[in-house]
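Inside the fold
What follows is the residue order along each chain.
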Amino acid sequence: MRVFVTGATGFIGSAVVRDLVAAGHEVTGLARSAAASAKLAAAGATAHRGTIENLGALRQAASRADGVIHTAFFHAFSHAGFGTRMRVMLGGMPTGLVRRFMFAAVEADRRAIETFGQALRGKERPLVIAFPTMAMTPGRAAIETDIADPQAVGGLRARCEKAALALAECGVNATVVRLPPSVHDQTRQGLVTQLVAIARKKRVSAYVGDGQNRWAAVHRLDASRLFGLALENGTAGTRYHAVAEEGIPFGELASAIGQYLGVRTVSITPAEAVRHFGWLAPFAGADNPVSSRATREQLHWQPTRPPLMTDLAAAIASQNAMARTSTAAN
């Protein structure tokens, strides 16, 4: 199968590309730069230059493919094009910068999804969209048939999943793979990597309230395998959950970070969380347990990789060792 992948050199997308190539697929990846093109070539894939804002490039690549996997998203300000960055910066007060950027990122994602739908409509070619579980209603274990909640902490992206499911109703073989806040290995752990950086900088690892709010997690290689299964065997209009661990209490996560870093672990109030976590505060207090029972049954997906705490311990140990080496060298 000829597969076009966006986010192809990213943390998740690069694993997806590797799995697809190993399975014998002919893979083309979206590349923003010559460096990204070189990475794709090294992985056995072909580069297609462009960005998710370049709808013409997306349409061209999708029209030539037998299937599309869309994992790209603006996770950093630098990912957006110059025009988008200027509109965000000059579009209002500095206090609204983060929210304006998120709106721009979501709108770019939505337009990309609709562009893929136009290119694939009526041709039985699969379209697989990545989507965050943080857009689900908090406080209970989300299941695959639940709809995204615009009021959830990640609810701005609900319109993107809605766009993908609308395509399924119009004859596009569109499916959604929902990803938890920690997609991890021994080098990165999703949003948990940010928690470690904050704890290391402030010399305290914090959780909100009693710390009983939960975060789901999955190893990135288990997640990448699910994207392949959805591409090959997914049912149009279905949401799949790339979740190995349904809900790790945030307090336990904060305690582990504190232990591995050798810093205090403390409870803070929601008001204090804003100062401590910054933009991450709403996520740090969110209760986001997620079930993957239906996904496992429907696609025969079984996570086999190490759990989050194992990878977290290895990652921090490696960081600590590098810091000691650097100090000794100086």
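Everything here concerns the structure above.
All values reported here derive from a predicted model rather than from experimental measurement.

1. Some points on the pairing of strand S4 (residues 67-70)
Where burial is concerned, the two faces of S4 agree: the one with Gly 67 and Ile 69 and the one with Val 68 and His 70 are both buried. Two elements, strand S1 (residues 2-6) and S4, share four bridges in a ladder whose sense is parallel. The residue of S4 that forms the bridge with Thr 6 is His 70.

2. Some thoughts on the state of the cysteines
Overall, the coordinates contain zero disulfides when judged by the stated rule. Cys 160 takes part in no disulfide bond, and the closest cysteine sulfur, belonging to Cys 170, lies 17 Å away. Classification of Cys 170 as partly exposed rests on a relative accessible area of 46%.

3. Topic: helix H2 (residues 34-42)
Taken together, the buried positions of H2 are occupied by Ala 36, Ser 37 and Leu 40. Along H2, the residues classed as buried sweep out an arc of 100° about the axis, all on the same side. Exposed side of H2, more than 90 degrees from the buried face: Ala 34, Lys 39, Ala 41 and Ala 42 are the residues found there. Looking at the buried side of H2, the elements it contacts are helix H1 (13-22), strand S2 (26-31) and strand S3 (46-49).

4. What about the sheet that holds strand S11 (residues 245-249)?
One open sheet accounts for three strands, arranged S7-S9-S11; its pairing is mixed. With one partner strand each, in any of the chains shown, strand S7 (182-184) and S11 form the two edges of the open sheet. Mean inter-strand twist for the sheet, computed between neighbouring axes without regard to direction, equals 35°. Where strand S9 (residues 214-219) meets S11, three bridges bridge the pair, whose relative direction is antiparallel. Residue Ala 217 lies in a different strand from S11, and its bridge partner there is Glu 245. Helix H9 (residues 250-261) contacts S9 and S11 of the sheet and is inclined by roughly 70° relative to S11.

5. Here we look at the pairing of S2
Relative to S2, S1 runs parallel, the two sharing four bridges. From the neighbouring strand, Arg 2 faces S2, where its bridge partner is Glu 26. Where S2 meets S3, four bridges bridge the pair, whose relative direction is parallel. Across the sheet, the residue bridging to Leu 30 is His 48, located in S3. Taken together, S2, H2 and S3 constitute a β-α-β crossover, and its handedness is right-handed.

6. Points about unusual backbone geometry
The phi torsion at Arg 203 lies on the positive side, around 60°, for a residue other than glycine. Structurally, Arg 203 is set in the loop between helix H7 (191-202) and strand S8 (204-208).

7. Side note on the pattern of salt bridges
By the definition in use, this model includes eleven salt bridges. One salt bridge in this structure joins Glu 114 and Arg 110, with 2.9 Å as the shortest N-O distance. With Glu 114 and Arg 110 both in helix H5 (residues 97-120), this residue pair falls four residues apart, about one helical turn. Judged by relative accessible area, which is 31%, Glu 114 ranks as partly exposed. When the shortest N-O distance is used, the salt bridge between Asp 185 and Arg 220 registers 3.0 Å. With Asp 185 in the loop between S7 and H7 and Arg 220 in helix H8 (residues 220-233), this pair connects stretches of sequence that are 35 residues apart.

Analysis parameters
Residues numbered from 1 in each chain as written. Predicted model: local features only at pLDDT ≥ 70, side-chain atom pairs only at ≥ 80, totals over all residues. Heavy atoms only, no water. Buried < 20%, exposed > 50% of the residue type's maximum accessible area, 1.4 Å probe, protein only. Helix = DSSP H or I, 4+ residues; strand = E, 2+ residues; numbered from the N terminus. Pairing = 2+ DSSP bridges. Disulfide = S-S within 2.5 Å. Arc of directions from axis to C-beta. Contact = heavy atoms within 4.5 Å. Axes fitted to C-alpha atoms, helices over the stretch in contact; angles between N-to-C directions. Right-handed = clockwise from strand over helix to strand, strands pointing away. Salt bridge = Lys/Arg side-chain N within 4 Å of Asp/Glu carboxyl O.

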